[in-house]
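Residue strings, one per chain:
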Amino acid sequence: MFEPLSDQMCRLCGTHSRLIAAQLGLCVDCIRSRPEEALILADESHAVARRLFDLPERPPRTAGGRRCGLCVNECTVGEGERGYCGLRQVRDGRLRHLAGTPDRGLLHWYRDPLPTNCVASPFCTGHRQRGKHNLAVFYTACTADCLSCQNWHFREVVPSDAGRSGELAAAELAATTDQRTYCVCYFGGDPAAQMAHALAAGRLLAERGVVVCWETNGTAHPRLMERALALALSTGGCVKFDLKAHDEEL
């Protein structure tokens, strides 16, 4: 049996409720009505959580650093620093990709019998392909920072430990398919942090007749997202934007 949730206190108004997340310490009314104050406290909570995994607490904005324009964070990375996703680092004045290139992706994958893991079953043909399987690809990095991420384990993957954690070139990923592989679905983390790898693998998979689908927060550079969409549409796949809230303050 599950233990009942205990009351938590809002750090702004003092309200007690089981609907307040302990890690955030903010009630939804304060987030909506006092967003500027709430954002400061929320930012602190995210920084603490990221510190546990040795990830940058915030997107770096280092004066004189190298700009990475691959996602909405638009990090400006100083010497020795890493970008918000943890996969870009500046060494000797150059922005280097620790992973996420066609030659090196950090990910976990497995074959999932359809239709059990179809990312958007009402809109995708995958849910009708019984007897075939989906190549489920979980990229172990992210451009966002959801405190209650269900796949939070990706934060434990360190690029320097890639050999143990799951390092695969795009061509190697594409080669894992067989005659029963109907589609590939990119999850995470988020594919936005390793979009060059995902697109390269997706093109190779498309050549093998595999349907390409995406589940993403949509934060990759617009040009990269356009390529992802084109790849999905040309193979009969779909793009699912995994958005948690439509309210601007939330």
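Residues numbered from 1 in each chain as written. Predicted model: local features only at pLDDT ≥ 70, side-chain atom pairs only at ≥ 80, totals over all residues. Heavy atoms only, no water.

Draft legend 1. Representation of the sheet that holds strand 11 (residues 211–216) within the structure. Spatially, 9-7-8-10-11-12 is the arrangement adopted by the six strands of the open sheet, whose pairing is mixed. One side of each edge strand has no neighbouring strand; the edge strands of this open sheet are strand 9 (167–168) and strand 12 (239–241). Of the strand pairs in this sheet, strand 11 and strand 12 are connected by three bridges, and their pairing is parallel. If you follow tryptophan 214 over to strand 12, its bridge partner there is valine 239. In the packing of helix 5 (residues 195–207) onto the sheet, contacts are made with strand 7 (105–113), strand 8 (133–139), strand 9, strand 10 (181–187) and strand 11, and the angle to strand 10 comes to roughly 170°. Strands strand 11 and strand 12 of the sheet are contacted by helix 6 (residues 222–235), whose axis makes an angle of about 140° with strand 11. (Pairing = 2+ DSSP bridges. Helix = DSSP H or I, 4+ residues; strand = E, 2+ residues; numbered from the N terminus. Contact = heavy atoms within 4.5 Å. Axes fitted to C-alpha atoms, helices over the stretch in contact; angles between N-to-C directions.)

Draft legend 2. Looking closely at unusual backbone geometry. A cis amide bond links leucine 114 with the next residue in sequence, proline 115, at an omega value of 10°. Of note, proline 115 is situated in the loop between strand 7 and strand 8. The omega angle of the peptide bond from glycine 188 to glycine 189 is 15°, so this bond is cis rather than trans. Its place among the elements puts glycine 189 in the loop between strand 10 and helix 5. The phi dihedral of aspartate 54 is positive, around 55°, even though this residue is not glycine. In this fold, aspartate 54 is placed in the loop between helix 2 (35–51) and strand 3 (66–67). Classification of aspartate 54 by relative accessible area gives exposed; the value is 59%. Within the chain, aspartate 92 stands out as a residue other than glycine whose phi angle is a positive 55°. Turning to its location among the elements, aspartate 92 is positioned in the loop between strand 5 (88–91) and strand 6 (94–97). (Buried < 20%, exposed > 50% of the residue type's maximum accessible area, 1.4 Å probe, protein only.)

Draft legend 3. Molecular detail of the environment of histidine 197. You can see histidine 197 is positioned in helix 5. Judged by its relative accessible area of 0%, histidine 197 is buried. Residues histidine 197 and leucine 39 lie 158 residues apart in sequence; the distance between their C-alpha atoms is 33 Å.

Draft legend 4. A look at helix 5. Taking 1.5 Å of rise per residue, 13 residues should cover 18 Å, and helix 5 covers 18 Å from first to last C-alpha, within 8% of that figure. Where helix 5 is concerned, the buried positions are Met195, His197, Ala198, Leu199, Ala200, Ala201, Gly202 and Leu205. Positive backbone phi, at 85°, marks glycine 209, one or two positions downstream of helix 5. (Expected span 1.5 Å × (residues − 1).)

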